[in-house]
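Below, each chain spelled out in residue letters.
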2 protein chains.
Amino acid sequence: MAAENDKSKLDDAARAGWLYFIAGHTQDEIAKMLQVSRASAQRLVSLCLAERLITFRLEHPIAACMELAARLKERFKLVHCEVVPADPVAPQANAGIAERCANLLDATLRSETPVIVALGTGRAVRAAVERVTPIDRPNHQIVSLVGNISADGSASFYDTVGRLADRTGARHYPMPLPFLMSSEDERNRMVRIEPIAKVKAVAAKADLRLVGIGQMDQKAQVHIDGFVTRDELFEMMRLGAIGEITGWAYDAKGRLLKAGTNKRLTSIPPEVPAKTTTIGAAVGAAKVAAIAAALNGRLINGLITDEATARAILER
Amino acid sequence: MAAENDKSKLDDAARAGWLYFIAGHTQDEIAKMLQVSRASAQRLVSLCLAERLITFRLEHPIAACMELAARLKERFKLVHCEVVPADPVAPQANAGIAERCANLLDATLRSETPVIVALGTGRAVRAAVERVTPIDRPNHQIVSLVGNISADGSASFYDTVGRLADRTGARHYPMPLPFLMSSEDERNRMVRIEPIAKVKAVAAKADLRLVGIGQMDQKAQVHIDGFVTRDELFEMMRLGAIGEITGWAYDAKGRLLKAGTNKRLTSIPPEVPAKTTTIGAAVGAAKVAAIAAALNGRLINGLITDEATARAILER
DNA sequence: TCAACGCGTGGGCATATGCTCAAAACGCGA
DNA sequence: TCGCGTTTTGAGCATATGCCCACGCGTTGA
């Protein structure tokens, strides 16, 4: 009898679900059709959903991305995750990533109440600031997490802070230091001087950190850009470095290394675990291990990537 | 630019649809996530539906029935249609049909305002009245569309009117006539006498007619039940009869025949086209042609059948 | 360069929905 | 048959949704 009852109820639930979702009737109409109260009709529709009698299928490439983003968010307890479709035209182009990052910055900067945005390294970050919609927000603050003077003394290509400040009228705090100091002592001395301490203080209060993620292999961006020498890179790799965020190298478990160049870095290290909203932006098969490690080590609590990379991270 | 715009809009629509239907967010939440107004979020969800980006799939046998019912309703412009799942245990049993008919009668009779229900022949109709929930409605009227005296003078097995009246306390009007008179003249004389005229008058005002549909072949129920002889049956078949409703034989196009037993029938003929809600109840491969003809000829404007029969009707 | 047109946007309102709570119905056991 | 515990039901309310309308921005044509 119970089974019979259940079955008939599920039948009705299916009927209600069909009428609601497929035929597009209101619950009132369904209630009349099935000779029950509207409340019961609503219950039947819920039941139909709860019992998974009805399923939704989204016929659109975006669907896969949403799915991947949801899984990443769940798996790594992220506060924010976006997965952009792999562009079939130019799979290499991270235009989509930059677009989303720019959108995120836009959304953050649109706020009337003062916010502090901290920026790390990375082409995606750089490209993102170029796409930020100009907006007048003089009370916001933009702070750099990483020195913008390269080894040869010139200003780095990555003057993202300045560019973003240009577009918003916000106060900005570049980090007027070389990426690496010559020794740990020197680093320790430099980071205590007034302007640098100020940058650190502002960065510590950041509402949003947007950082790139670099892989530590022979094509590591920190090396290509001339911030670290080949020997330094290899040493870090020997020490287990698999990725870096604002220059800070970490191993496959996402633990920051306490040796090598990390001892001479002027950059502001990631929080561990990330408490501030810290969004990593990175794409590419080469970066999968680095991204996964950053996620596992809680060096970041948000991620913007593309479909292929997201899939690869989840499949590890 | 326009295409780009459209594409991006569809992307957003897909995103909104995903968040709404799959992730179960409210449109307000989606609006915040996508950085648009709630109104726009609603538009995106609508768009997602309109563009068929999302599809619903109901994983339940009922789904097929709802689909078939909707198609029958559309195709034959029915005011009511129900398709019952084919019972895998006892495919022959029309318990489902009877159940639905009973439900229909229940719903009609539940009304506080007086209603008139007219009943035809058929096992489904008979079985339906047996399942009607007893309810006290003395102001309702139950009227028979068909004589309940068989050829041998005994009261017919199909005293459905009496049974239904028992269960409702309604006034009832059986048709105190043999099914067939011996001649057209006699029929014409009989249907004018006072009690019969009264029955006809009540039937003409019926709010609901529930009738069985019989096929006119060697296994015709009208013959098996002894209402018409083998010769009469064969004559009607020669005249093109393919089905009958309350005894009135009609051809493959659903046109009532003007010859043979139809000239001697005492039953109240179907309206052509049906204006009163006239529900046919019938199941079985043998009846498919008869049902389809009745639908095409507008002898009925409602149908209660099972899955297999519905499918067969639509596939003709 | 200005004006007119039109599409897209957001505010606001009527309606639909989801949910809570008390009451009723049901089943079960004494 | 009665009483109790459990489930189901329907009223009512807070919230979410759908839709209309006026506004604004961008585009086009003179």
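Sequence order as written defines residue numbering, which begins from 1 separately in each chain. Numbering of ligands from 1 and lettering of chains from A proceed in the order in which they are written. Residues qualify for local features only when their pLDDT is at least 70, as the model is predicted, and side-chain atom pairs are given and counted only at 80 or more; totals for whole chains, interfaces and linings, by contrast, use all residues.

## A look at the pairing of strand S10 (residues 277-281) of chain A
Residue and element names in this part refer to chain A. Which entries qualify depends on this criterion: Neighbour density around each residue's C-beta defines its exposure: 20 or more other C-beta atoms within 10 Å make it buried, 12 or fewer make it exposed, and counts between make it partly exposed, where C-beta atoms are placed from the backbone. A run of H or I in DSSP counts as a helix once it spans at least four residues, and a run of E counts as a strand once it spans at least two, with each numbered from the N terminus. Pairing between strands requires that DSSP locate at least two bridges from one strand to the other. With strands facing away from the observer, any crossover in which the path from the first strand over the helix to the second runs clockwise is taken as right-handed.
Burial of S10 is extensive: 4 of the 5 residues sit out of reach of the surface. Bridging between strand S6 (residues 208-212) and S10 involves 5 bridges; their strand directions are parallel. By the bridge assignment for S10, Leu-210 is matched with Ile-279. Pairing of S10 with strand S11 (residues 302-306), which is carried by 3 bridges, proceeds in the parallel orientation. The partner of Ala-281 across the bridge, within S11, is Ile-304. For the handedness criterion, the β-α-β arrangement of S10, helix H12 (residues 288-296) and S11 is classed as right-handed.

## Here's the deal with the domain arrangement of chain A
Filter applied, for reference: Note that the domain bounds were set by an automatic or database domain assignment.
Here chain A is described as being made up of domain 1 (2-50) and domain 2 (61-315). Put simply, the middle of domain 1 of chain A and the middle of domain 2 of chain A, counted by C-alpha atoms, are 51 Å apart.

## Examining unusual backbone geometry
A cis amide bond links Val272(A) with the next residue in sequence, Pro273(A), at an omega value of -10°. On the secondary structure map, Pro273(A) appears in the loop between strand S9 (248-250) and S10. Even without glycine at this site, Gln35(B) takes up a positive phi of about 60°. The residue Gln35(B) is located in the loop between helix H2 (27-34) and helix H3 (38-50) in this model. Backbone geometry at Lys77(B) places phi at a positive 50°, although glycine is not the residue there.

## Things to note about the interface of chain B and chain A
Put simply, the rule reads: Placing C-beta atoms from the backbone, we regard two residues as in contact once those atoms come within 7 Å. Basically, the charged four are Asp, Glu, Lys and Arg, the nonpolar ten are Ala, Val, Leu, Ile, Met, Phe, Trp, Tyr, Cys and Pro, and anything else, Gly included, counts as polar.
The interface is formed by 22 residues belonging to chain B together with 22 residues belonging to chain A. Put simply, the parts of the chain that give the side of chain B that touches chain A at least two residues each are helix H1 (2-22), strand S1 (54-58) and helix H4 (61-75) of chain B. Per-element tally for the side of chain B that touches chain A: the top contributor is H1(B), with 7 residues. Classifying every residue of the side of chain B that touches chain A by side-chain character gives 14 nonpolar, 4 polar and 4 charged. Of the strand pairs in this sheet, strand S1 (residues 54-58) of chain A and S1(B) are connected by 5 bridges, and their pairing is antiparallel. If you follow Ile54(A) over to S1(B), its bridge partner there is Leu58(B).

## Concerning the sheet that holds strand S8 (residues 243-245) of chain B
Consider a sheet: its strands pair through backbone hydrogen bonds, and that pairing is either parallel or antiparallel. Residues and elements named next belong to chain B. Across the sheet, 3 strands lie side by side as S7-S8-S9; this open sheet has antiparallel pairing. On the outer flanks of this sheet lie strand S7 (214-215) and strand S9 (248-250), each paired with one strand and no other. In the sheet, S8 pairs with S9 via 3 bridges, with the strands oriented antiparallel. Within S9, the position partnered with Glu-244 by the bridge is Ala-249.

## Notes on the protein's contact with DNA strand D
This is how it is decided: Put plainly, near means the residue's C-beta atom, positioned from the backbone, lies within 6 Å of the molecule or strand in question.
Neighbouring DNA strand D are the residues Val36(A), Ser37(A), Ala39(A), Ser40(A), Thr26(B), Gln27(B), Asp28(B), Ala39(B), Gln42(B), Val45(B) and Ser46(B). Contributing elements (two or more residues each) for the surface near DNA strand D: helix H3 (38-50) of chain A together with H2 and H3 of chain B. It is H3(B) that provides the largest number of residues to the surface near DNA strand D, a total of 4 residues.

## What to know about the sheet that holds strand S2 (residues 80-84) of chain A
Residue and element names in this part refer to chain A. Short version of the rule: Lines fitted to the C-alpha atoms define the axes, with helices restricted to the stretch that makes contact. Angles between their N-to-C directions range from 0 to 180 degrees.
In spatial order, the strands read S2-S11-S10-S6-S3-S4-S5; together these 7 strands make up an open sheet with parallel pairing. In the strand order of this sheet, the two ends are held by S2 and strand S5 (171-178), each with one partner. Across the sheet, the mean angle from the axis of one strand to that of its neighbour is 15°, orientation sign disregarded. Here helix H6 (residues 123-131) sits on the sheet in contact with strand S3 (116-119), S6 and S10, set at roughly 125° to S6.

## Considerations on the pairing of strand S3 (residues 116-119) of chain B
Residue and element names in this part refer to chain B. Both faces of S3 are covered, namely the face carrying Ile-116 and Ala-118 and the face carrying Val-117 and Leu-119. Bridge count for S3 against strand S4 (residues 141-149) is 4 bridges, and the pairing is parallel. The residue of S4 that forms the bridge with Leu-119 is Ser-144. For the crossover from S3 across helix H6 (residues 123-131) to S4, the handedness is right-handed. Here 3 bridges tie S3 to strand S6 (residues 208-212), and the two strands are oriented parallel to one another.

## Details of the environment of Gly24(B)
Residue and element names in this part refer to chain B. By the element assignment, Gly-24 lies in the loop between H1 and H2. Residue classification places Gly-24 among the exposed residues on the basis of 9 C-beta atoms within 10 Å. Spatially, the C-alpha atom of Gly-24 lies 16 Å from that of Asp-12, the residues being 12 residues apart in sequence.

## Some words on the protein's contact with DNA strand C
Close contacts around DNA strand C come from Thr26(A), Gln27(A), Asp28(A), Ala39(A), Gln42(A), Val45(A), Ser46(A), Val36(B), Ser37(B), Ala39(B) and Ser40(B), and that covers them all. At the level of secondary structure, the elements contributing two or more residues to the surface near DNA strand C comprise helix H2 (27-34) and H3 of chain A together with H3 of chain B. With 4 residues, H3(A) is the largest single contributor of residues to the surface near DNA strand C. Looking at side-chain class alone, the surface near DNA strand C contains 4 nonpolar, 6 polar and 1 charged residues.

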